[in-house]
Structures are given as C-alpha cells and as structure tokens.
Amino acid sequence: MIGIVDATIHAGNFSLNNFSIEVQRGEYAVLMGQTGCGKTSILEAICGLRKIHSGKIYIQGTDVTNFPPGDRNLGYVPQDLALFPMLTVQKHLEFAMKIRKVASSIIADRTRYMSDVLGIDHLLSRRVQGLSGGESQRVALGRALAFEPSVLLLDEPLSALDEKTREEMQSLLLTIKQTTGVTTLHVTHNAKEAESLADRHFRIENGSIVS
C-alpha cells in the first residue's frame, strides 16, 4: 500500500500542493501528466530522495515520512536505470540483498529466481556495459525486485525502448504483477501502456492529482 496524504512538494519552478494518492496493497497504479508536472518528484518523495514540505507518506500503513530511503522497503527504477557499469548482472541482482545482510543461500535462491523470471539467466556473468536497452531494463527491474520490496516505483521504464522491445517489456511487467503481487506506481506518458498495465490511474493536471 502507498499512501500520500495532504502532501506539498516544491521543486524548481513548480509546486504540488495538498495532494493525496492512495494505491492499495497489490494494485498496479499508473501516474501520467505532462513533462515537468512533478511525476518524478512524487516518486522521489515516496523514496525519500526528496523531502516533502508538508503532509505524510505511508508504506504498508507505516508512516515513513521521515525514514531514510534505505529503510522504506521499496524498489525504485529511475528513468536512467542507474546501473553500475563495472558490475555484472549477477552482482546487480545481489546488490540490495547483500546491503541488507541477507543469508548467502537466500541470495543465491532469489538471484536464480529473478534471473529466470526476467529471462536474463544467460547474462549473469556479463557486465551491464553493452547490454541492449531491453536487457538493461530487465536488470534494473531485477535489482529493484530481488530483495522482495513491498512497493515498486517505476519512472518511465519503457520510454527509451523501440516498439517491439516495449511490447515485450509490457508483457514482462504483467508477468511480474501476476507473480509477485508487489504494489506498483508506474510513471508513463504512454496511454496504451497505462491501459495495458494499470488497475488504477492518476493524472497530474494544473497542479492537482485527478483519478
């Protein structure tokens, strides 16, 4: 569950004032709106990467407004993916679990499971440099999901992909939705993408959230 209650965000030349969003446990929600309207700022606020001026943020019913990012139990795939060029695909999938000091046997099991679900088991020993756009997206998703977060945040995850790869990734996101049940908030400009994936739709219009 994601809850934003009466929040205000100031970022650059714009602000979002006293807005609220609620995504129920297990729902796949899509957030749309024009470029620069604050979609990424909302994701960053949920992550703890951007402070809100006022209001509250809840994850699974817990008030995380003042929690540091690492304590919010969420996976985040930024638009630029933020992959580490010197690490292998396997190291990316293991990354968040090792930080959390998960047992080695569980890390191995989760890495095998995620690489199988994402279809990247043949890439585990490769560094991410040189991967295709679709492969890189799969690695970023795997890194975000491997530690079993309660919430997944996706910032324009398919925008840089060609049409064929985008369709493949939409199918993959549907599979992840069905197999993991993770509560998801996905930012996109693509109406077809939103219609295919979303249980719940939000849009930013004139500085307000409409659903």
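Owing to the predicted nature of the structure, the values given are computational and were not obtained by experimental measurement. Every chain begins its residue count from 1, and numbering advances along the sequence as written. A pLDDT threshold of at least 70 governs which residues receive local features in this predicted model, and a stricter bar of 80 or more applies before side-chain atom pairs are shown or counted, although totals over entire chains, interfaces and linings include all residues. Each side-chain value is worked out from all heavy atoms of the structure, with water and hydrogens disregarded.

How should the sheet that holds strand β9 (residues 200-205) be read in this particular structure?
At least two DSSP bridges between two strands are needed for those strands to be called paired. Each helix corresponds to a stretch of at least 4 residues labelled H or I by DSSP, and each strand to a stretch of at least 2 residues labelled E; elements are numbered beginning at the N terminus. In spatial order, the strands read β6-β7-β8-β3-β9-β10; together these six strands make up an open sheet with mixed pairing. The two strands at the open ends of the sheet, each matched to only one other strand, are β6 (74-77) and β10 (208-210). The mean inter-strand angle of the sheet, taken between neighbouring strand axes irrespective of direction, is 20°. Here helix α4 (residues 133-145) sits on the sheet and contacts β6 and β7 (151-155); the angle it forms with β6, its principal contact strand, is near 165°. Note on method: axes are straight lines fitted to C-alpha atoms, helices fitted across the in-contact stretch only, with angles between N-to-C directions ranging 0 to 180 degrees. Here a residue-residue contact requires only that any non-hydrogen atoms of the pair lie within 4.5 Å.

Please clarify how the pairing of β6 should be interpreted in this entry.
A regular strand carries its side chains on alternate faces of the sheet. With burial as the criterion, each face of β6 is covered, one bearing Leu74 and Tyr76 and the other bearing Gly75 and Val77. Summarising the sheet, β6 and β7 pair through four bridges and their orientation is parallel. Counterpart to Leu74 in the pairing with β7 is Val151. When accessible area is computed with a 1.4 Å probe and restricted to protein chains, residues below 20% of their type maximum are described as buried, those above 50% as exposed, and intermediate ones as partly exposed.

What exactly am I supposed to notice about the pairing of strand β3 (residues 28-32) here?
Burial runs high along β3: five of the five residues are buried. Burial along β3 is two-sided: the face carrying Tyr28, Val30 and Met32 and the face carrying Ala29 and Leu31 are both buried. Inspection of the sheet shows β3 paired to strand β8 (residues 183-187) by four bridges, in the parallel sense. Along β8, the bridge assignment pairs Ala29 with Leu185. The sheet contact formed by β3 and β9 spans four bridges and is parallel. Of the residues in β9, the one forming a bridge with Leu31 is Phe202.

Would you mind going over a nonpolar patch on the surface with me for this structure?
A patch is a set of surface residues, each over 30% in relative accessible area and not in a salt bridge, joined within 9 Å for like charges and within 5 Å for the nonpolar side chains Val, Leu, Ile, Met, Phe, Trp and Tyr. Here the accessible surface of atoms and residues is derived via Shrake-Rupley with a 1.4 Å probe, and residues count as covered only by protein chains that are part of the display. Any carboxyl oxygen of Asp or Glu that lies within 4 Å of a side-chain nitrogen of Lys or Arg is treated as forming a salt bridge with it. Taken together, Phe84, Phe95 and Ile99 make up a surface patch of nonpolar side chains, about 260 Å² in accessible area. Mapping Ile99 onto the fold places it in helix α2 (residues 89-99).

Honestly, the side chain of His92 in this entry has me stumped. Any pointers?
Note on placement: His92 falls in helix α2. Under the relative-accessibility criterion, His92 is labelled buried at 0%. Those residues in contact with His92 that sit more than four places away from it in its chain are Leu83, Phe84, Leu87, Val128, Val139 and Arg143.

I'm lost on the packing of aromatic side chains in this one. Help?
What characterises a pair of aromatic rings is the spacing of the ring centres plus the angle enclosed by the ring planes. Only centres within 6.5 Å qualify two rings of Phe, Tyr or Trp (six-membered ring in Trp) as a pair; their planes then separate them into stacked at under 30 degrees, edge-to-face at over 60, and tilted for everything else. Scanning the entire structure with this criterion turns up one aromatic pair. Taking the centre distance of 5.1 Å and the plane angle of 50° together, the rings of Phe84 and Phe95 count as tilted. Remark: Phe95 occurs in helix α2 and Phe84 occurs in the loop between β6 and α2; sequence separation between them is eleven residues. On the basis of relative accessible area, Phe95 is assigned to the partly exposed category, the value being 33%.

Teacher, can you tell me more about helix α3 (residues 104-118) here?
In an α-helix, one turn spans 3.6 residues; hence positions three or four apart end up facing the same way. Compared with the 21 Å implied by 1.5 Å per residue over 15 residues, the 21 Å span of α3 between its first and last C-alpha is a close match. Residues of α3 that are buried: Ile107, Arg110, Thr111, Met114, Ser115 and Leu118. For α3, the buried positions fall inside an angular range of 125° around the axis, keeping them on one side. For α3, the exposed residues lying more than 90 degrees away from the buried face are Arg112 and Asp116. On its buried face, α3 is in contact with α2, α4 and α5 (163-180). Gly119 occupies a position one or two residues after α3 and carries a positive phi of about 70°. Multiplying 1.5 Å by the residue count of a helix minus one yields the expected span of that helix. Working definition: the arc comes from the directions between the helix axis and the C-beta atoms, pointing outward to the latter.

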